[in-house]
Amino acid sequence: MASAPHLRMRSQDGARLPVVGRPTSGNGHHNVGHTYGSKGGCSSVTSSRRLIKSDPTKGSSDEKVRVDANASVGKWMCNRMVHILVPVAVIILFFVITFGNSTVFFERGSGGSSSGSNMGGSADISAESRWSGAFSGQMPNPPPQSIIRARTQRWKEVENDECRFATDVNEDKTYYNMAKGAWWMEYAEDLRRGHFQSMLKSTDKKRAEALKRKRREALEEGKRSISFIHIGKAGGTSIQCNIRQARGYSVHCDKKAPFPAIGDKESQVSKLINCYLHSPYEDYFECFDNPTLLINIRNPIDRLASSYHYEHIRNKPKKDPTCGQAMLYRCYDSFYDLAEYGLGGVRPPPTKVLRIEQDLPEEECRHWAWATVQGTAPVKCHNFFNYDWYMHGTPALDDEKEVIAYRTEHLEDDWRRVEVMLGGDGSLPSNLWGNDSSQKDWPVNNKTVSERGHLNLCRALCHEIQVYKQILVRAINLSNDDVRVSLKELDCPDDMTPEIRFCPQNYFDYQI
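All residue numbers refer to positions counted from 1 along the written sequence of the respective chain. Selection of residues for local features in this predicted model requires a pLDDT of at least 70, selection of side-chain atom pairs for listing and counting requires 80 or more, and totals for whole chains, interfaces and linings are taken over all residues. Each side-chain value is worked out from all heavy atoms of the structure, with water and hydrogens disregarded.

**Q** Quick one: what's the story with the side chain of Gln240, residue by residue and with numbers?
**A** Mapped onto the fold, Gln240 is located in helix α7 (residues 236-240). Within the structure, the side chain of Gln240 is placed 3.0 Å from the side chain of Tyr276, a separation counted as a polar contact. Note on contacts: a residue pair qualifies if any of its non-hydrogen atoms lie within 4.5 Å across the two residues. With residues up to four places along the chain from it excluded, the contact list for Gln240 reads Phe228, His230, Ala246, Arg247, Tyr249, Ser250, Cys253 and Tyr276. In this description a helix means any DSSP run of H or I spanning at least four residues, a strand means any run of E spanning at least two, and both kinds are numbered starting from the N terminus. What qualifies as a polar contact is a pair of N or O atoms within 3.5 Å, subject to a donor-acceptor requirement within protein and to the restriction that residues adjacent in sequence count only when both atoms come from side chains.

The following block contains the structure:
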C-alpha cells in the first residue's frame with residue numbers, strides 16, 4: 001500500500017535531509033526535528049534530533065550527533081494534549097449529534113435574527129428535524145406546582161358530559177369535528193383549505209348575480225365596488241355598526257336606532273360597500289369577487305388576547321362550552337399562563353393527536369395551546385377564523401385586488417383618511433367605539449404577559465404575523481411610515497420590518 005507523500009528539506013550545503021518521521025537509511029543523516037505533513041502525530045517526535053554534519057575539510061569521518069533535550073519534552077507535551085483533546089472532542093460531538101437539531105430550532109424560533117429566519121431559509125431544516133424532541137426532555141419553563149394544583153381543581157369541577165358543542169354552531173359547515181371521544185387530530189392543510197374552497201364554490205348564485213350587477217353599476221358611475229371582510233376580534237363590529245350593508249347582520253348593533261345616527265351623515269365607505277362577509281356563518285363568499293376589499297386588522301397578539309378572553313368559559317358561564325373551550329381554559333385559566341407556559345419550548349408535532357379528557361398532563365396542555373393559538377384546532381370560532389383563513393386560499397391578496405385596511409389601533413385616523421380618499425370630508429361617526437370589549441366587566445380580562453411570554457407569542461404567531469404584514473403592505477391607504485408604526489407596536493424582534501420571512505415552527509410548513 002503506497003504511503004502518503006512526505007515533505008523534504010535541504011541543509012544549508014544543499015544536501016537532502018531525510019524524510020521526517022522515517023528512520024535513517026544509512027546515508028549518514030539523522031532525522032530532522034520538525035514535523036511537516038507527517039501522519040505519525042507524536043510518534044514523529046521519537047526521531048526528533050538535531051543534525052550536525054562533520055566538516056569534510058578537516059578530514060573527519062565521524063558525525064557528531066547531539067540529542068536535543070527538547071525532543072523528550074515535546075513528546076511529553078504532545079501526548080498530554082492528545083489525551084486531553086480527544087475526550088473533549090468526543091464529548092462535544094456527542095452533544096452536537098444528540099441535541100443539535102432541537103437546539104438550533106429553538107434558537108431560530110425564539111427571537112433574534114438568524115440566517116435561516118428569512119424567507120427561503122427553509123431548505124436547511126428538514127420537516128422531521130423541525131419537530132424532533134418536542135416531547136422529550138424537561139420543559140424550558142415548567143409551570144409552578146401551584147398552577148398545576150389549581151388546574152387539577154378546575155378539572156374536578158367539570159361534569160363528564162361538558163365537552164359538547166354550542167347550539168349556535170353548525171359543526172358540519174365549520175369542521176368542528178371534535179365529537180365526544182378520547183382524541184382528535186389537528187386540521188390537515190388540505191382539509192382546512194379544501195373545505196374553504198368548497199364553500200367558495202357553493203356560493204348562492206342569485207346573490208352572486210346581484211352583486212355582479214351592483215359592481216357593474218358602480219364601475220359605470222366611476223365609483224368603487226367594495227366588500228367588507230370582517231375579521232373577528234379586530235374592531236370589526238365597531239365598523240360594522242356604521243356600515244349600512246353590514247349592520248343588519250350583527251347582534252351587537254342597535255338596529256332600532258336611526259342610521260346614520262342623529263347628527264351624523266352616512267360615510268362614503270358605507271355608501272360604497274355592497275357586500276359583507278364575516279366568518280362562515282353566512283357564506284357570502286361572492287364578496288371576494290369585488291375589486292376592492294375593506295379589511296379590518298389588529299396587532300395579531302392583541303387580537304389573540306381579545307379572542308382568548310371573549311371565549312373564556314368563565315366569561316361566558318351561561319353558554320355550553322365546546323370541546324376546545326373545555327380543554328384550553330381548563331389547562332390555562334389566564335392569558336399569562338397560556339403565553340408563559342403553554343407556548344414554551346418547541347411546538348408539539350401536529351402528527352400527535354390532541355387528547356380530549358380530564359386532567360391533561362402539561363405536555364398535552366401545551367399541544368392544545370399551540371394548536372389553538374395557530375388556529376389549527378378551534379376553541380370556538382375566532383381563533384380558527386384568523387388572517388390565514390380569510391386571506392390564503394382566497395383571492396383576497398391577488399395582485400388585481402385593491403385593499404383598504406382599517407387598523408384597530410388607529411381606527412379614527414384610518415377612517416378619516418379613507419373618507420377623504422373616497423371623496424368625503426373625513427368626519428367620524430359619533431358611535432364609532434360603541435362595541436369596545438375592553439370596557440366589559442369580565443371575571444377574566446387581564447392581558448398582561450411577561451417578556452418571555454411576549455416572545456413566545458411572537459414565535460407561535462409567526463405565520464399570522466406574516467399574513468398581517470402582507471395586508472399592511474398591500475393597503476392603499478397606509479404609508480410606509482404607517483406600516484413601520486404598526487410593526488413597532490407589535491414589537492416582535494424578528495418582524496420589525498415588512499419583509500416576509502420563514503417561520504420555523506409553523507404548522508402549515510409541516511407536511512403530515
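Further notes follow.
**Q** Let's hear about the side chain of Arg501: which residues, and what values?
**A** Inspection of the secondary structure assignment puts Arg501 in the segment after α18 (480-490). A polar atom in the side chain of Arg501 sits 3.3 Å from the backbone oxygen of Asp494.

**Q** Please give an account of the sheet that holds strand β2 (residues 226-230) that cites residues and values.
**A** Taken together, four strands build an open sheet; the order of strands is β3-β2-β4-β6 and the sheet is parallel. Only two strands of the sheet have a single neighbouring strand rather than two, namely β3 (273-278) and β6 (402-407). Each neighbouring strand pair of the sheet contributes to a mean axis angle of 25°, computed without reference to strand direction. Any two strands between which DSSP finds at least two bridges are classified as paired. When β2 meets β3, the two strands line up parallel, connected through five bridges. Within the sheet, the bridge partner assigned to Ile226 lies in β3 and is Ile273. Interaxial angle, 0 to 180 degrees, is taken between N-to-C directions of lines fitted to C-alpha atoms, where a helix line uses only the stretch in contact.

**Q** An account of the packing of aromatic side chains is needed here, citing residue identities and associated values.
**A** Each pair of aromatic rings is reported with the distance of its centres and the angle of its planes. By convention, a stacked pair of Phe, Tyr or Trp rings (six-membered ring in the case of Trp) has centres within 6.5 Å and planes under 30 degrees apart, an edge-to-face pair has planes over 60 apart, and any other such pair is tilted. Per the stated rule, a full pass over the model turns up 11 aromatic pairs. Where Phe285 meets Trp389, the ring centres are 6.3 Å apart and the plane angle is 50°; that geometry is what we call tilted. Of the two residues, Phe285 is situated in the loop between β3 and β4 (292-297) and Trp389 in helix α14 (residues 387-391); the sequence distance between them amounts to 104 residues. A 1.4 Å probe rolled over the protein chains alone gives each residue an accessible area, and that area as a share of the maximum for its type sets the label: buried under 20%, exposed over 50%, partly exposed in between. Owing to a relative accessible area of 2%, Phe285 belongs among the buried residues under this scheme. Taking the centre distance of 5.0 Å and the plane angle of 65° together, the rings of Tyr308 and Tyr329 count as edge-to-face. Remark: Tyr329 occurs in helix α11 (residues 323-331) and Tyr308 occurs in helix α10 (residues 300-310); sequence separation between them is 21 residues. Across this residue pair, the class does not change: Tyr308 and Tyr329 are buried. Aromatic ring contacts, followed pair by pair, group Phe285, Phe384, Phe385, Trp389 and Tyr390 into a single cluster. Residue placement shows Arg151 over the ring face of Tyr332; its charged tip is 5.2 Å from the ring centre. Counted as over-ring charges are cases with an Arg CZ or a Lys NZ within 6 Å of the ring centre that also lie within 35 degrees of the ring normal.

**Q** Pulling in residues and values, what's your account of the nonpolar core?
**A** To qualify as a nonpolar core, a set must consist of buried Ala, Val, Leu, Ile, Met, Phe, Trp, Tyr and Cys residues joined through side-chain atoms within 4.5 Å. Within the largest apolar cluster, 68 residues are counted, with the highest numbers of intra-cluster contacts made by Ile229, Ile295, Ile297, Tyr332, Leu338, Met391 and Ile471. Counting 17 residues, the second-largest nonpolar core is a separate cluster that includes Ile226, Ile243, Leu411 and Leu432.

**Q** Give a detailed account of the pattern of salt bridges, specifying residues and quantitative values.
**A** Any two side chains of opposite charge can pair, on the condition that their charged atoms come close. The working definition used for a salt bridge is a side-chain nitrogen of Lys or Arg within 4 Å of a carboxyl oxygen of Asp or Glu. A complete count under the given rule lists 16 salt bridges for this structure. The partner of Arg224 in a salt bridge is Glu402, with the nearest N and O atoms 2.8 Å apart. Within this pair, whereas Arg224 is found in the loop between α6 (205-220) and β2, its partner Glu402 is found in strand β6, the two being separated by 178 residues in sequence. Residue classification places Arg224 among the partly exposed positions, given a relative accessible area of 27%. For Glu402, a relative accessible area of 23% puts it in the partly exposed group. Across the salt bridge formed by Asp425 and Lys265, the nearest N and O atoms sit 2.8 Å from each other. Of the two residues, Asp425 is situated in the loop between α15 (411-421) and α16 (451-460) and Lys265 in the loop between α8 (244-247) and α9 (268-272); the sequence distance between them amounts to 160 residues. Within this structure, Arg407, Asp414, Arg417 and Asp482 form a network of salt bridges that share partners.

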